[in-house]
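One-letter residues, chain by chain:
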Amino acid sequence: MVSDKEQLRDISSMGLKTVIAELPPTSSGMSLTASICKKITVQLIGALGKQTDVSIQLEALDILSDMLARLGGALVDFHSSILSSLLPQLTSSRLAVRKRSIIALGNLVPSCSHALFSQLMEHLLAELSCGPPTSNTRTYIQCLANASQQGGHRVGEHLEKMVPKVVKLCSVEDDELREYCFQAFEAFIRRCPKEMSPHIDTVIKICLTYITYDPNYNYDADDSAMETEDGDDEEQESDDEYSDDDDMSWKVRRSSVKCLEAVVSSRRDLLPDLYASVCPVLVGRFKEREENVRTDIFLAFVALLRQTRPLPGSQVPSVVKALHKQLREKSMKSRQGCFSLLSELAGVLPGAMGEHLPVIVPGIVYSLYDKSASSNMKIETLSFLHILLCSHTPDVFHPHFKVILPPVVHCVNDPFYKITSEALLVMQQMVKVMRPLDTPSSFDTKPYVKDIFSSTLKRLQATDIDQEVKERAISCMGHIVSHLGDQLGADLQPTLQILLERLKNEITRLTAVKTLTTVAQSFLKIDLRPILPESIPIMATFLRKNQRALRLGSLAALNMIACPSSLSKISGALCSILNFFQAVVATKSTNLSFSDLMKALTAPYYGTKSTELPLHRQSYYSVAKCVAALSSVCPKETSGMVTNLIQEAKSTKSSESVRILSLLCLGEVGRSVNLGGHKELKAVIMDSFSSPSEEVKSAASCALGNICVGSLEEYLPFLLKEISSQPKRQYLLLHSLKEVISASLPESLKAHMESIWALLFKNCECAEEGTRNVVAECLGKLTLVHPSDLLPRLKKQLSSASPHARSTVVTAVKFTIVDQPMPIDSILKGCIGDFLKTLQDPDLNVRRVALVMFNSAAHNKPSLIRMLLPKVLPHLYNETQIRKDLIREVEMGPFKHTVDDGLDVRKAAFECMYTLLDSCLDCLDIFEFLSHLEEGLKDHYDIRMLTFIMLARLSTLCPAAVEQRLDRLVEPLRATCTTKVKAGSVKQEFEKQEELRRSAMRAVAALLAISEVGKSPIMAEFANQIRSNTEMASIFDSVQGDPIPGVTQPMDTS
């Protein structure tokens, strides 16, 4: 490679690069790799000293850079000499040598020691401090930016020296130097957002100054031209005539925009200020003349929109106005950026662009008709149009239908399947908008039906098209029939026949089932009778298929066909079955009578032995609901059926399964029918409370509560009396009362509210925790009935001297927080802070239930607690600490057992932290959060399992922050992965340790998925340790395909 002959140099260089690329990075090949690297490195360092031949230096730098990037860990012994040989190259007279030296130094940084990294930083700072800026200053700043990008959190300790120097250099009249300065700022912000806090305002101010820096162009003149020549073709002309090959100012603007995007992405806590200061400036720069810069401005604005807090609505007019010209630009890249930005805007502020459609629609039409537009351009445009249609009310689109529909029809006929598929999705939404089912509309749809129908029919009839297009065409036609079926005339029945054919096809049957459901529930009452004789048996066979979505869809379709009046009120398979049974009996459409269905439903429970339960426990409750549904449509049969059920529940000869089913059936029937006339019913139920079977007692409790709902005036006083007089049965009777409060109408409970409230508070200090929990649930559900009156009374009980009473009250508040909007929400938001003060309660159990309540609020209604987080989080974090005063030793015979009384509270605190990651991530200081998570990685088994999951999720949500704390996170993971259980331990200990190791390995896999983590020396060493240990490598490989635990997987509810 050091030969004077160019051909030999080229061949040998290629050979060396190939060898380096093929060397094994794994531990199995490290000895070979290290040996080869040492030989090559010595030669390369020598070649760098050959100042006379630049080509040799360039090849040596290339090869050395490749080695450091792939195998930096194998060259640790040479890092110091490599640094010493690279630093002088930064002052080379050749630009190519300087640039390649910067790349090599950047590749050295991730794997070098902390001391060597500090040496590099100090050298760069010393050179930047030497006198006025010179040509080498650019090189040093560029090297500083590159090293900071690769150095991660290690840059933080040098920021106080570096930032002022970079800020000072921004004022030097050198565009290239300014560009490198902004690149350095971007690296500082992305790698050390927390440490940059003191300087962030200064950086933002400088960025906002230079984002408008364009000394060679007068934007004011261009704006005037826009106003005077609105709509002229001249506006479409390229701005190339204004460009200058020597003009570097666009690089300054682009780097400043990227720096702003880094601020927006990494500092959620500054969002209110960013909306006020950065947002208007970005909007004002949408007119940027350089396409690359304009694209980055769009990306920065999208980053702002993607944050959790919505954009102020007042900004929308200025955004649309600024994009008006860009929507008709010849540049497809600019138009795609516009539509991407507008899509985000429509998602953040649904309905905000309705008044601006006259400005937006021409841009949509232009892009869809543009013959030179790429496929991606059209798909992006259609995607935006779909989002627009979904996020705005139908009436705002009606004036524009004549203009929008033709280009969409044109795209439906496009030969490229992805465009066709997206266009059919838009067409489907347009049909919904033309004639919405939920609101009356006077819009005349007749002029558009023919075009919509014919274009969709063409795609529906085709069999040689992509699967996605087939499914979209079926779905779109279903909506056309559902919304516009009365205007299809003679085309309706042939269309239904096509849908029937698609139902017979295994590939399209699921989509066809869903489509028939849509058609069946249409308010137009489409006549499906011609296809029912064939379609119903086909869908009935689908109920036996393995595909869950197909079974559920077929059940819903059959139910909708049998009971069209129920429309969309059906929820779940059980409700579908109930409605279906009712329809079968009521319409007498089959030979099945009431008694036949009853026998078929209950027969499995009568054919079993007295000691076994034949089916899953839930099946009893489901069958009981079916029995009640049948009795509701056959009232004449109800009385005799109830008498038989009472006898079955009463008889000592009945098997346990029959008694359970009889009690549950009595409860479900009594929920809607007053059973007060059956005098012996109370005695039968109370006798069942004495059964030795817990299942029978639970069924009796459920039955009593349900019967009470249907016969409130007679049964509720009886229930309250029994609760007071039967302390041994109190737990079961309180469960009955809970059922009454949950299922009764608020008005019907008013007369009894005071007596129920008094009874509950009488029992809220019960020593039995299980009873207190049921009391708390009853209190919470009763408070939901009359929140304005009962919530303040609940709040007063916080001052009770009894810890049991306080814990019951706090638990009761948990049951008032549900995931649906409730009248109590506004009242609770004003006083939940008082309930959260119990996080400081002296009693350990009260603090635990306060954390559970806080967790419920964070999960179900985060809006209740978001504003209180600054005050609450310190108390939450305080409960994550291990307290030695709560750890005690208990003697168990000859052994001593350690008991940690604070464990449950710590678990509750970490569970809250886990929930806050989902609901309030933007309100958290991630670095403080990580500090407490680090402690959890060394805690008890249950807490470690939870913190490993949190670490895996944070690796996805906040990779930069996790990367900064990597050195502190690796050791607890290593300790867990390498710990072995003592040989004499029980089987459960081995299983727990195995699960811990698997969970830790999932966290390791998530960490390694962060792009920069693999370059960390400590992480690389740990990864090699895992690979070199057969057992650990096996566990690591087995968890590779696992989803990140805790991330909700979408459930197929189709």
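All values reported here derive from a predicted model rather than from experimental measurement. (Residues numbered from 1 in each chain as written. Predicted model: local features only at pLDDT ≥ 70, side-chain atom pairs only at ≥ 80, totals over all residues. Heavy atoms only, no water.)

### Some details on the overall build of the protein
Thought 1: Broken down by element type, the protein carries 51 helices and two strands.
Thought 2: A buried classification covers 52% of the 1054 residues belonging to the protein.
Thought 3: The long-range fraction of contacts in the protein, counting pairs at least 24 apart against all pairs at least 6 apart in sequence, stands at 73%.
Thought 4: Just so you have it, the protein exposes about 47700 Å², and 53% of that area is on carbon and sulfur atoms. (Helix = DSSP H or I, 4+ residues; strand = E, 2+ residues; numbered from the N terminus. Buried < 20%, exposed > 50% of the residue type's maximum accessible area, 1.4 Å probe, protein only. Contact = heavy atoms within 4.5 Å. Areas by Shrake-Rupley, 256 points an atom, 1.4 Å probe, with all protein chains shown as cover.)

### Describing the packing of aromatic side chains
Thought 1: Taken as a whole, this structure holds 13 aromatic pairs when the rule is applied.
Thought 2: Ring centres 5.6 Å apart and planes at 70° place the aromatic pair Tyr 210 and Tyr 213 in the edge-to-face group.
Thought 3: A relative accessible area of 14% means that Tyr 210 is categorised as buried.
Thought 4: Ring centres of Phe 286 and Phe 298 lie 5.3 Å apart, and the angle between their planes is 65°; on these two criteria the pair is classed as edge-to-face. Of the two residues, Phe 286 is situated in the loop between helix H13 (271-284) and helix H14 (291-305) and Phe 298 in helix H14; the sequence distance between them amounts to 12 residues.
Thought 5: Lying across the ring of Tyr 715, Lys 682 places its NZ or CZ 5.1 Å from the centre.
Thought 6: In this structure, Arg 953 packs its charged tip against the face of Tyr 914, placed 5.3 Å from the ring centre. (Phe/Tyr/Trp six-rings, centres within 6.5 Å; stacked < 30°, edge-to-face > 60°. Lys NZ or Arg CZ within 6 Å of the ring centre and 35° of its normal.)

### Observations regarding the environment of Glu 668
Thought 1: Within the fold, Glu 668 resides in helix H31 (residues 656-672).
Thought 2: Placed 45 residues apart in sequence, Glu 668 and Val 623 show a C-alpha to C-alpha distance of 9.9 Å.

### Focus: the pattern of salt bridges
Thought 1: Counting across every chain of the model gives 48 salt bridges.
Thought 2: Between Glu 501 and Lys 504 there is a salt bridge whose closest N-O contact spans 3.5 Å. Of this pair, Glu 501 and Lys 504 both sit in helix H23 (residues 492-504), three residues apart, which is roughly one turn of that helix.
Thought 3: Under the relative-accessibility criterion, Lys 504 is labelled partly exposed at 42%.
Thought 4: For Asp 885, the salt bridge is made with Arg 883, and the minimal N-O distance between the two is 2.9 Å.
Thought 5: Residue classification places Asp 885 among the exposed residues on the basis of a relative accessible area of 56%.
Thought 6: On the accessibility criterion, Arg 883 (33% relative accessible area) is partly exposed.
Thought 7: When salt bridges that share partners are traced, they join Asp 214, Arg 253, Arg 285, Glu 288 and Arg 289 into one network. (Salt bridge = Lys/Arg side-chain N within 4 Å of Asp/Glu carboxyl O.)

### A closer look at the pairing of strand S2 (residues 895-900)
Thought 1: Taken together, the six bridges between strand S1 (residues 887-892) and S2 define a ladder with antiparallel strand orientation. Opposite Met 892, over in S2, you have Phe 895 as the bridge partner.
Thought 2: Here S1 hands over to S2 after two residues, with Gly 893 in that stretch at a positive phi of 70°. (Pairing = 2+ DSSP bridges.)

### Concerning helix H17 (residues 357-369)
Helical periodicity: at 3.6 residues per turn, an α-helix aligns residues three or four positions apart in one direction.
Thought 1: Compared with an ideal rise of 1.5 Å per residue, which puts 13 residues at 18 Å, H17 spans 18 Å between its outermost C-alpha atoms and is within 8% of the ideal.
Thought 2: Of the surrounding secondary structure, the elements contacted by the buried residues of H17 are helix H15 (316-323), helix H16 (332-348), helix H18 (375-391) and helix H19 (401-412). (Expected span 1.5 Å × (residues − 1).)

### What about helix H42 (residues 844-860)?
Thought 1: Its 17 residues place the ends of H42 25 Å apart at the C-alpha level, agreeing with the 24 Å of an ideal helix rising 1.5 Å per residue.
Thought 2: Here H42 has its buried residues at Val 846, Arg 847, Val 849, Ala 850, Leu 851, Met 853, Phe 854, Asn 855, Ser 856, Ala 857 and Ala 858.
Thought 3: For H42, the secondary structure elements touched by its buried residues are helix H40 (803-814), helix H41 (824-836), helix H43 (869-878) and helix H44 (903-919).
Thought 4: Between the side-chain oxygen at the start of H42 and the backbone nitrogen of Asn 845 there is a gap of 3.1 Å, and the oxygen is on Asp 843. (Polar contact = N/O pair within 3.5 Å; in protein donor to acceptor, adjacent residues only side chain to side chain.)

### Considering the nonpolar core
Thought 1: Counting 184 residues, the largest nonpolar core has Phe 185, Phe 188 and Phe 286 as its most contacted members.
Thought 2: For this core, the element with the highest residue contribution is helix H3 (residues 54-71), accounting for 10 residues.
Thought 3: The contact partners of Phe 286, leaving out residues within four places of it in the chain, are Arg 294, Ile 297, Phe 298, Phe 301, Val 319, Ala 322, Leu 323, Gln 326 and Leu 341.
Thought 4: Formed by 151 residues, the second largest nonpolar core is a distinct cluster that contains Leu 732, Leu 869, Leu 954 and Leu 966. (Core = buried A, V, L, I, M, F, W, Y, C linked by side-chain atoms within 4.5 Å.)

### Details of the confidence of the model for the protein
Thought 1: Model confidence for the protein is summarised by a mean pLDDT of 84, while 90% of its residues fall at 70 or above.
Thought 2: The low-confidence segment residues 609-613, where pLDDT is below 50, has nine contacts with residues more than four positions distant or belonging to other chains. (pLDDT = per-residue confidence, 0-100.)

### Regarding the packing of helix H6 (residues 114-128) against helix H7 (residues 135-151)
Thought 1: Where H6 meets H7, the axes come as close as 10 Å, and the angle between the chain directions of the two elements is 155°. Regarding the angle of H6 to H7, the classification is roughly antiparallel. Here H6 and H7 pass one another in a crossing that is left-handed. For the pair formed by H6 and H7, the contact residues are Phe 117, Leu 120, Met 121, His 123, Leu 124, Glu 127 and Leu 128 on the first element and Thr 137, Tyr 140, Ile 141, Cys 143, Leu 144, Ala 147 and Gly 151 on the second. (Axes fitted to C-alpha atoms, helices over the stretch in contact; angles between N-to-C directions. Parallel < 35°, antiparallel > 145°, perpendicular 65-115°, else oblique. Left-handed = near helix turned anticlockwise from the far one by under 90°.)

### Things to note about the side chain of His 483
Thought 1: Mapped onto the elements of the fold, His 483 is located in helix H22 (residues 467-484).
Thought 2: When its relative accessible area of 5% is taken as the criterion, His 483 is described as buried.
Thought 3: Of the polar contacts made by the side chain of His 483, one reaches the backbone oxygen of Arg 435; its length is 2.8 Å.
Thought 4: Residue contacts for His 483: discarding those within four places in its chain leaves Val 431, Lys 432, Arg 435, Leu 437 and Leu 524.

### Quick word on unusual backbone geometry
Thought 1: We note that Lys 525 has phi near 50°; this positive angle belongs to a residue other than glycine.
Thought 2: Tracing the chain through its elements places Lys 525 in the loop between helix H24 (509-520) and helix H25 (532-542).

### Things to note about the state of the cysteines
Thought 1: All chains considered together, the criterion is met by zero disulfides.
Thought 2: We note that Cys 665 lacks a disulfide partner, and the nearest cysteine sulfur, in Cys 626, lies 9.4 Å from it.
Thought 3: By relative accessible area, which is 1% here, Cys 665 ends up buried. (Disulfide = S-S within 2.5 Å.)

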